[in-house]
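Residue-level structure breakdown
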Amino acid sequence: MTYAEAVADGIWAADVARVGYIPSVTVAPVVNALVAADGGVDGVSPRVTPLSREEEAVGVLGAVALTGALGAVVMQDNGFGNALTALTTFPLAYHLPLLIFANTRGGLGEYNSMIHSISQPMPAILRATGLPVIELDRRSSAGDWRETVREAGVHAVMTYRPVVVLGSFWNTDGKVA
């Protein structure tokens, strides 16, 4: 099992009803695994949908909790710059569970020198808003990633709030993503 497949499996194992994602080459392996497991093709399946912006994803998938189910968002961590207002004024303020998996940028192996300024401080910024943040990297096995993502979803439901899992794919499956 690849790390991307482990993330997808962990999301489905958390009993997520719907997944929205912001298209990006760095999260494409996770999206492909989610879509394949849900019987879809070309980035779309019955429960997986592409969205245009991170704040849109927070609104659409955060609203899934209003139906009594759990939504999930898959994105890059630099997208939290767009999503912070939506996160703090909707699911966090209204105590709605939401599972967010974000691929981290700006760490070891990062080729884009501009991304460091937003991605490196992001875990601290998210924690400062009151969001629980779990970080994963190559020191954990793919199986650990699966269980951590699953447990994060369970924790979101149990605590009635969004939970963020930040995953650094660098040097896991031999690729950045």
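Residues numbered from 1 in each chain as written. Predicted model: local features only at pLDDT ≥ 70, side-chain atom pairs only at ≥ 80, totals over all residues. Heavy atoms only, no water.

This part takes up the nonpolar core. Within the largest apolar cluster, 32 residues are counted, with the highest numbers of intra-cluster contacts made by Ile-11, Val-16, Val-19, Leu-34, Val-74, Leu-99 and Phe-101. When contributions to this core are tallied by element, the ones reaching two or more residues are helix H1 (3–13), strand S1 (16–21), helix H2 (28–37), strand S3 (70–76), strand S4 (98–103), helix H7 (142–159) and strand S6 (162–167). Ranked by residues supplied to this core, first place goes to H1 with seven residues. In terms of nonpolar packing, the next biggest core, distinct from the first, is built from 23 residues, Ala-57, Val-64, Leu-84 and Leu-126 among them. (Core = buried A, V, L, I, M, F, W, Y, C linked by side-chain atoms within 4.5 Å. Buried < 20%, exposed > 50% of the residue type's maximum accessible area, 1.4 Å probe, protein only. Helix = DSSP H or I, 4+ residues; strand = E, 2+ residues; numbered from the N terminus.)

Further remarks concern the pattern of salt bridges. In the structure shown here, the tally under the stated rule is eight salt bridges. The salt bridge involving Glu-147 is made with Arg-146; its shortest N-O contact spans 2.3 Å. On the basis of relative accessible area, Glu-147 is assigned to the partly exposed category, the value being 29%. Its salt-bridge partner being Glu-147, residue Arg-150 comes within 3.0 Å of it at the nearest N-O pair. Remark: Glu-147 and Arg-150 occur in helix H7; sequence separation between them is three residues, near one turn of the helix. Beyond isolated ion pairs, a larger network of salt bridges with shared partners links Asp-9, Arg-146, Glu-147, Arg-150 and Glu-151. (Salt bridge = Lys/Arg side-chain N within 4 Å of Asp/Glu carboxyl O.)

Mapped onto the secondary structure, Gly-167 falls in strand S6. Given the relative accessible area of 0%, Gly-167 is considered buried. Put simply, Gly-167 and Trp-145 are 22 residues apart on the chain and 8.4 Å apart in space, counted from C-alpha to C-alpha. With residues up to four places along the chain from it excluded, the contact list for Gly-167 reads Phe-101, Ala-102, Asn-103, Thr-104, Leu-136 and Trp-145. (Contact = heavy atoms within 4.5 Å.)

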